[in-house]
Each structure stands twice: as structure tokens, then as C-alpha cells.
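Chain residues, written in single-letter form:
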There are 2 protein chains.
Amino acid sequence: MNKGNILVIDDEPQMQKLLEITLHSHGYGVRLAENARTGLALAADHPPDLVLLDIGLPDEDGHAVLLQLREWYTNPVIVLSVQSSEEDIIRSLDLGANDYLTKPFRTGELLARIRSALRTANVQDQEPITRYGDLEIDLAARMVKKGTEVIKLTSTEYALLALFVKHEGKVLTHPYLLREVWGPGYISQSQYLRVFIAQLRKKIESDPNRPMYIVTESGIGYRFIGKE
Amino acid sequence: MNKGNILVIDDEPQMQKLLEITLHSHGYGVRLAENARTGLALAADHPPDLVLLDIGLPDEDGHAVLLQLREWYTNPVIVLSVQSSEEDIIRSLDLGANDYLTKPFRTGELLARIRSALRTANVQDQEPITRYGDLEIDLAARMVKKGTEVIKLTSTEYALLALFVKHEGKVLTHPYLLREVWGPGYISQSQYLRVFIAQLRKKIESDPNRPMYIVTESGIGYRFIGKE
DNA sequence: CCAGATTATAAAGAAATTGTAAAGACGCAT
DNA sequence: ATGCGTCTTTACAATTTCTTTATAATCTGG
């Protein structure tokens, strides 16, 4: 249950440890950087969902890091600082920080501010629509389109198709499909499979007699073909 | 040089004056409300780009205001409060506040936080009315119109419809709908759903026998169709 | 190419799910 | 208390989906 990945840029070992433990125990992935240089490198390497940035870094001013980060990074940045001068706060916020918290902070408040920042930026909101030729599958909305028209699938048909999409290109054996879709008690009911495969093909294939998406592997099972 | 319109919901006359002068001199349009009721009414009437909300209001708890506001309002809300208990902060942020500032605050910081909030939340002219074909739903006013006539919905019917509208296009499962509308104890009462779906359709569908808006996904749940 | 095995398809009957009406229960305001 | 509107429950009808059967088509190995 990963709620998102957070990059912590802070040089104090105690703070690192505290943040790592706190964030990790609340379901976030954590990555640590102890100076500006590695922080920027890590951010560029695997862009995190949120950055916690200490302003007092050994090698470079935190504001400079923020400035460089904001040249391309659009997810939330929360600044942590031992200072609390108004000037510093304003400068950080105007350089693109989403929030500013003074050290020492209350961990509950930090977590709430992280939730708030992630929520409003609705990070990780990319719709997982998969496209295969003229077929369009939106797992989140549980919707399948062929060209422009929406295809109505029963829950069993959908379960079957979802399984195929999850293992695109691989051969799925009869027993495997039967167990996953119908349950362990139906492993020998291969006739079900034939009936439902036929129904699925009738709905998603342009020419059900010459299936492009769901191909038969005689004696073994079926395979879903996404692209050539 | 209007940088955006801000709604201030605060009952202290001094604070009102301070905010109005400060915000106005920095190029924001300001609207004042001295209690929860007028605050919500003003927000619904002319949705502002940002709301400054005092938690200590005379007529209603600020958190309740936040909750109601967030049923439809998506632009930033910054909470101002004389309290600074961690509990209060967390609660506000988790109810949908974008930021929390303790009174007395430094005006420079407030302005910076307002700039930050307006910058990151791509503020939009929020038309509180959503239209789907001949259906018109005003989440802020809790009003539903079909063509020109206002439709009277019970609170349960409204909760159901609001849920559908918020997740337009997605399949909402029976357990999900039951949990969200009736509570976790009703997950198995799918008959409720059938009865209320039927009632809703009778009210919003032109031909309840061939529903256009609320379609059945047999074995799974229902889906609200906004556009083709 | 043939024979046996496997797979495809249609269609009917069975089962499960969903739709609808209506009666009773409950709470709230008058 | 009374009436009204809403919620809850019940009974049954309508629809959809699943299961089963029958038969045709296709594949595989010799």
C-alpha cells in the first residue's frame, strides 16, 4: 500500500532517520539525499511524488535547489527549515514551494500537510487507459471501447479480458484461466472457457472467425496479442 | 490588475478590516462574510478563486463549513485560526484545507501562502452547475433541474446522484455505493440500492425503462453517463 | 489425407440479478 | 395526536447472465 514516493533532502542524520521511519510507517516510499547535489540527481533520476527540502544544506543554499528543481519539477515541494524568518518563508514560497514548515515540527502536522499537498496536486492521477489497436481498455472505469463505441461486457467476460490484458503476450492455460475467473472448483470445466471466449471474441474482434486479439493455442490455452 | 477574488469568512471586524485592506492593496478582489451561512451562500453565488476561512465562527463550526464547501468547491481554502493545536490543524487539512495559518499571522507570509496556493491549484472559474444533456446539477445549491423544472430529491437520492456525478463514467460497485451513502453497516443491503436507483431514474430519466444517465452494470454496480 | 481430439458456435433452459409497486414503519413538524 | 414525507421491507415480475446441450468446425500427429 504505497501512497507515493517522497524524496527527503536533508543533511542531519537524526532528521533523516526520523523522517524515514515516520514516512515509511505511514505507507510512503522514501528516498534520502544528504546534500543538494545528490538531491537534485535523485529527483531527476526517479521523480518523486513529493519533495521534502531542508533549506540549510551543506553544499548549496536550499533556495538554489528549489529554483533548479522548479525548472522542471511540478509535484509538491514542502520546505523544512530551522529558520522561521518571514523573509525566508516568503522567499521559499515564491520560489515555488507549496508549503513551509519550521523545525522542530509536529510529525502529525507534517503528515497532514503532505496528504493535503498530494491531494490538491492530485499526483498519480494518470488514467490507466490501455490501447491495443482499435481496442481501448480503462481498468479504473471498468470500460472497454472498440473504436468509438462502448462495449458492454458481463462481469465474467470482463474478468477474463482483464486477465488477458494483465498477461499480454503470454499463453494462459485452461486450468489457470478457469481457476482465476471461476475458482478452483471449475478447473475441468473447459467448455465454459470455450463459450466465454467465443462471446468475448464476438464482442471485441472485428472478425471473430479470424481473431486478432485472443488467439488459440491448441491443446494449451489462449494468448492475448496487444501489438504485432 | 485584479489577481483574483478572495472570499473572507471571519467574524472579527478588526480581522475583516485588516484582510480587506491588505488583500485589496495587493490587487485582489475581496468579499466579506461574517458567518458560516452567508459565507457558504456567497461562495455558491460567485465562486471565488480562494477562500480564507476562520475556524471560530459564531453560528457554526468552521470545520463544518469546510466540509460543506468541499462538496463542490475545488479552489484553494486557507484556514485561519487562533488555535494552533495539532489536532485542529490535522483536522482542517484532512477536511480539504490547502493551508493552515495561526492567528496572529504575518501578512507577508499570508500573501505568500495565497500566491503559492493560487499558483499550484490551477484555479478555474468554477461554474458550480454541471450540465448533462437536459439534466442540470448544482452541487453548491444542492439543486437538480431537468429541462426547466426543478426536481425534488430526498437527501438519500441526492447523495446517490452526487456520488454518481463526482465519478462520472466510472462503474460504482454496490458495496461502494452502499458504504458511501448508507454507511459501512449496509454493505449487503443491495435491495436499498435497487429501490433508490429506481426512484432516481423515475425522477431524472426521460424514459425510466431505457435509462440514459444511470446504466446498470449487472453483477457489479451502476455507472453514470454524462456524455456520449 | 485421415481419424481422433480439441475447439467453436448457437441456442435453450436454469439460475441469478435487477426492477417495480406497494404496504408498513418511522420520524418530524404542525 | 395527526398528517406528511421518507425510509424500510416485502413480494413478485422482468431482465440478464450463466450453464448445459448439441452439433459443426478446426487442429494435430501419423
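Residues numbered from 1 in each chain as written. Chains lettered and ligands numbered in written order. Predicted model: local features only at pLDDT ≥ 70, side-chain atom pairs only at ≥ 80, totals over all residues. Heavy atoms only, no water.

### Details of the protein's contact with DNA strand C
Taken together, 26 residues lie near DNA strand C, and Thr216 and Gly219 of chain A together with Thr216, Gly219 and Tyr222 of chain B sit nearest. Backbone atoms, meaning sugar and phosphate, make up 63% of the atoms of DNA strand C lying within 4 Å of the protein. In the environment of DNA strand C, a phosphate oxygen lies 2.6 Å from a nitrogen or oxygen atom belonging to the side chain of Tyr222 of chain A. Within the backbone of Gly219 of chain B, one N or O atom sits 2.5 Å away from a phosphate oxygen of DNA strand C. Only helix H8 (190-204) of chain A together with helix H8 (190-204) and strand E11 (214-217) of chain B provide two or more residues apiece to the surface near DNA strand C. Counting residues per element, the surface near DNA strand C draws most heavily on H8 of chain A, at six residues. Partitioned by chemical class, the residues of the surface near DNA strand C number seven nonpolar, twelve polar and seven charged. (Near = heavy atom within 4 Å. Polar contact = N/O pair within 3.5 Å; in protein donor to acceptor, adjacent residues only side chain to side chain. Helix = DSSP H or I, 4+ residues; strand = E, 2+ residues; numbered from the N terminus. Nonpolar A, V, L, I, M, F, W, Y, C, P; charged D, E, K, R; others polar.)

### Let's talk about the side chain of Glu157 of chain A
Residues and elements named next belong to chain A. Tracing the sequence through the fold places Glu157 in helix H6 (residues 155-166). Using a relative accessible area of 2% as the deciding quantity, one classes Glu157 as buried. A polar side-chain atom of Glu157 sits 2.9 Å from the main-chain amide nitrogen of Thr154. Setting aside anything within four residues of it in sequence, one finds Glu157 in contact with Lys152, Phe196, Gln199, Leu200 and Lys203. (Buried < 20%, exposed > 50% of the residue type's maximum accessible area, 1.4 Å probe, protein only. Contact = heavy atoms within 4.5 Å.)

### Side note on the nonpolar core
Membership of the largest hydrophobic core comes to 51 residues, with the highest contact counts inside it found for Leu160, Leu161, Phe164, Ile214 and Phe224 of chain B. When we break this core down by domain, the ones giving at least three residues each are domain 1 (5-121) and domain 2 (126-224) of chain B. If we ignore the near neighbours within four places in the chain, the residues touching Leu161 of chain B are Ile137, Val144, Leu153, Leu200, Ile204 and Phe224 of chain B. Leu135, Ile137, Ala162 and Leu178 of chain A belong to the second-largest nonpolar core, a separate cluster that totals 26 residues. (Core = buried A, V, L, I, M, F, W, Y, C linked by side-chain atoms within 4.5 Å. Domains from an automatic or database assignment.)

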